[in-house]
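# Chain and residue survey
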Amino acid sequence: MNGPSVDQDLNEGEEQADDLGSGLGLRAETRVERRANRRRARSRRAFGCFAGLISLIVVGAIVAGVVVGFGKGKDALEGVFSAPDYTGEGTGSVQVEITKGQSTSSIADTLEKKEVVKSARAFERAARDDPRSLQIQAATYTLRKHMSAKAALALMMNTAASIKVMRVSVPSGETKGEVAVILQNKLKLPAGAAAAAINHPAALGLPAYARGNPEGFLYPATYDVPKNANATVMLKLMTAKYASIAKDLNLVQTAQHKKLDPYQAVIVASIIGAETNKEADYGKVARVIYNRLAAGMYLGMDSTVHYVVGKDGGVYTTPEQRKNPSPYNTYNHKGLPPSPINSPTRAQLSAALNPTPGNWKYFTLVNLDTGETAFADTYAEHQVNVKKLQTWCQAHTGKC
């Protein structure tokens, strides 16, 4: 059953109120005014609904326009913030070093600074669009100035054309035999080529006091080596680096001033590097060596025995090893060994020339994990430190 509409009820109620008002003596104009007001109110309600509908339509149209036009708007923004770029393959030649772990953005910055590309942003965009950019390797590249970003990336990916040198690292503490193995593998040389070059030292540029032996003078560092270089080229770079370091340290004159043969200084430096890996202790180890030599004692260095028996590192030597008749066995032969036992670093060479003042005659590692070394003036004190090492080794099976 349908009832009257709300508007109908309101109208009837309002008419009754008008009649009541008339009966109460209200003037007739009031009734007319009220009816006009009701008509205006109904008009406003209708217009409000219509305006709301129009607003929804307008908003919807705007949203639709944004969605449809987003791609074009994005392109327009990229056009506003475009990455400056060169065109073409570039000219001239420039060396650019890319290090291990360098990010794409860092590589892009490097190329911009070297004037290879016009902007880092241009190279980043080119790299973003080419998955091969993730394979850029650490090396020194030969590129051109004022290249387009795409051309620069393409040339870097063509390593046969852009990499003119190889990067070879030789760590400290390596013997000449170990250096030969490193060069053999890194330079991909014919079998035995590196060892053969080391065994012909006349062409290596050794200092006169090296006594024709490259041991100790193949300076540990990272080198940029021309592609297809032979072993002699690499070895000459290493001896030249040693010569540069020795000159900076004024090695020959300083050693002579201290009544020390420069070759002996290199021997001492090599022992320092083999006996401790803590730079803070280099000068103390040097002092122990000089104090023992001055006292006419055996050096008793396990590192010199290891050099003979071929054991790399380690703490102890066995009784059998200490009976080895080699002149490198400083348990059985007084004085320094005949030659260096590895290639020392600048810090180790400096320590050999400038030992720390002290009366120590003994030292031993007491913690292999931290490299902590204990020094002693007397044998009794030394034995206490040796027990500390033994205790540590017992608690860390397999590390000694």
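The rules behind the values
- Residues numbered from 1 in each chain as written.
- Predicted model: local features only at pLDDT ≥ 70, side-chain atom pairs only at ≥ 80, totals over all residues.
- Heavy atoms only, no water.
- Helix = DSSP H or I, 4+ residues; strand = E, 2+ residues; numbered from the N terminus.
- Buried < 20%, exposed > 50% of the residue type's maximum accessible area, 1.4 Å probe, protein only.
- Contact = heavy atoms within 4.5 Å.
- Areas by Shrake-Rupley, 256 points an atom, 1.4 Å probe, with all protein chains shown as cover.
- Disulfide = S-S within 2.5 Å.
- Pairing = 2+ DSSP bridges.
- pLDDT = per-residue confidence, 0-100.
- Phe/Tyr/Trp six-rings, centres within 6.5 Å; stacked < 30°, edge-to-face > 60°.
- Lys NZ or Arg CZ within 6 Å of the ring centre and 35° of its normal.
- Polar contact = N/O pair within 3.5 Å; in protein donor to acceptor, adjacent residues only side chain to side chain.
- Arc of directions from axis to C-beta.
- Axes fitted to C-alpha atoms, helices over the stretch in contact; angles between N-to-C directions.
- Parallel < 35°, antiparallel > 145°, perpendicular 65-115°, else oblique.
- Left-handed = near helix turned anticlockwise from the far one by under 90°.
- Nonpolar A, V, L, I, M, F, W, Y, C, P; charged D, E, K, R; others polar.
- Salt bridge = Lys/Arg side-chain N within 4 Å of Asp/Glu carboxyl O.

## Quick look at the overall build of the chain
Across its full length, the chain carries 15 helices and six strands. Per-residue burial for the chain yields a buried fraction of 38% across its 400 residues. Long-range pairs, those at least 24 residues apart, make up 64% of the contacts in the chain between residues at least 6 apart in sequence. Surface summary for the chain: the accessible area is close to 22600 Å², and the carbon and sulfur share equals 55%.

## Concerning the state of the cysteines
Applying the stated criterion across every chain yields a total of one disulfide. Cys393 shares a disulfide with Cys400; S-S distance 1.9 Å. Since a negative S-S torsion denotes a left-handed disulfide, the Cys393-Cys400 link at about -85° is left-handed.

## Brief notes about the pairing of strand S4 (residues 222-226)
Burial of S4 is one-sided: the residues Tyr223 and Val225 facing one way are buried, the residues Thr222, Asp224 and Pro226 facing the other way are not. The pairing of strand S3 (residues 165-169) with S4 spans five bridges and is antiparallel. When the sheet's bridge partners are listed, Val165 is paired in S4 with Pro226.

## A word on the side chain of Ser148
Topologically, Ser148 is positioned in the loop between strand S2 (139-145) and helix H5 (149-157). In contact with Ser148, not counting residues within four places along its chain, are Asp85, Tyr86, Thr87 and Gly88.

## A look at the environment of Lys227
Structurally, Lys227 is set in the loop between S4 and helix H9 (231-249). Exposure remark for Lys227: the relative accessible area of 32% places this residue in the partly exposed category. Sequence-wise, Lys227 and Lys164 are 63 residues apart; in three dimensions their C-alpha atoms are separated by 5.6 Å. Non-local contacts of Lys227, meaning those with residues more than four positions away in its chain, are made with Thr159, Ala160, Ile163, Lys164, Val165 and Met166.

## Side note on the confidence of the model for the chain
For the chain, mean pLDDT is 84; residues scoring 70 or higher make up 79% of the total. Note that residues 49-80 has pLDDT below 50 and, in this model, one contact with residues that lie over four places away or in other chains.

## Points about the packing of aromatic side chains
Inspection of the entire model under this criterion finds seven aromatic pairs. Taken together, the ring pairs connect Tyr209, Phe217, Tyr242 and Tyr263 into an aromatic cluster. Positioned above the aromatic ring of Tyr331 is the side chain of Arg322, whose terminal nitrogen or guanidinium carbon lies 5.6 Å from the ring centre. For the cation-ring pair, Lys334 lies above Tyr298, with the distance from its terminal atom to the ring centre recorded as 5.4 Å.

## Here we look at the environment of Asn324
Note on placement: Asn324 falls in the loop between helix H13 (302-309) and helix H14 (346-353). What makes Asn324 partly exposed here is its relative accessible area of 22%. Expressed as a C-alpha distance, the spacing of Asn324 and Val305, which sit 19 residues apart in the sequence, is 7.9 Å. Once residues lying within four places of it in the same chain are set aside, the contact partners of Asn324 are Val308, Val309, Asn329 and Asn332. Polar side-chain contacts of Asn324 include one of 2.9 Å to the backbone nitrogen of Ser326.

## Focus on helix H3 (residues 104-113)
The α-helix advances 3.6 residues per turn, and as a result positions three or four apart in sequence lie on the same side. Within the sequence span of H3, burial applies to Ile107, Ala108, Thr110 and Leu111. The buried residues of H3 occupy an angular sector of 160° when projected down its axis, which confines them to one face. On the buried face of H3, the contacting elements are strand S1 (91-98), helix H4 (120-128), S2 and H5. Note on H3: the residue one or two positions beyond its end, Glu115, has a positive phi of about 65°.

## Concerning the packing of helix H12 (residues 282-294) against H14
Relative to each other, H12 and H14 sit at 45°, their axes nearing to 8 Å. With respect to their mutual orientation, H12 and H14 come out oblique. The element H12 and its partner H14 pack so that their crossing is right-handed. Packed against H12, whose contacting residues are Tyr282, Gly283, Ala286 and Tyr290, the element H14 presents Ala347, Gln348, Ala351 and Ala352 at the interface. Partitioning the contact of H12 with H14 into residue classes produces six nonpolar, two polar and no charged.

## Considerations on the packing of helix H11 (residues 262-275) against H14
Two elements in contact, H11 and H14, have axes separated by 8 Å at closest approach and are oriented at 120°. Here H11 lies oblique to H14, going by the angle between them. By crossing handedness, the relation of H11 to H14 is classed as right-handed. In contact with Ala265, Val266, Val268, Ala269, Ile272 and Gly273 of H11, H14 contributes Gln348, Leu349, Ala351, Ala352 and Leu353.

## Details of the pattern of salt bridges
For the structure on display, the rule yields seven salt bridges. When the shortest N-O distance is used, the salt bridge between Asp248 and Arg346 registers 3.6 Å. In this pair, Asp248 is assigned in helix H9 and Arg346 in helix H14, connecting sequence segments 98 residues apart. Residues joined in a network through salt bridges with shared partners are Glu97, Arg167 and Asp224.

## Comments concerning unusual backbone geometry
You will see that Glu115, though not glycine, has its phi angle at about 65°, which is positive. Inspection of the secondary structure puts Glu115 in the loop between H3 and H4. Positive phi values are uncommon outside glycine, yet Lys259 reaches one of about 55°. Owing to a relative accessible area of 80%, Lys259 belongs among the exposed residues under this scheme.

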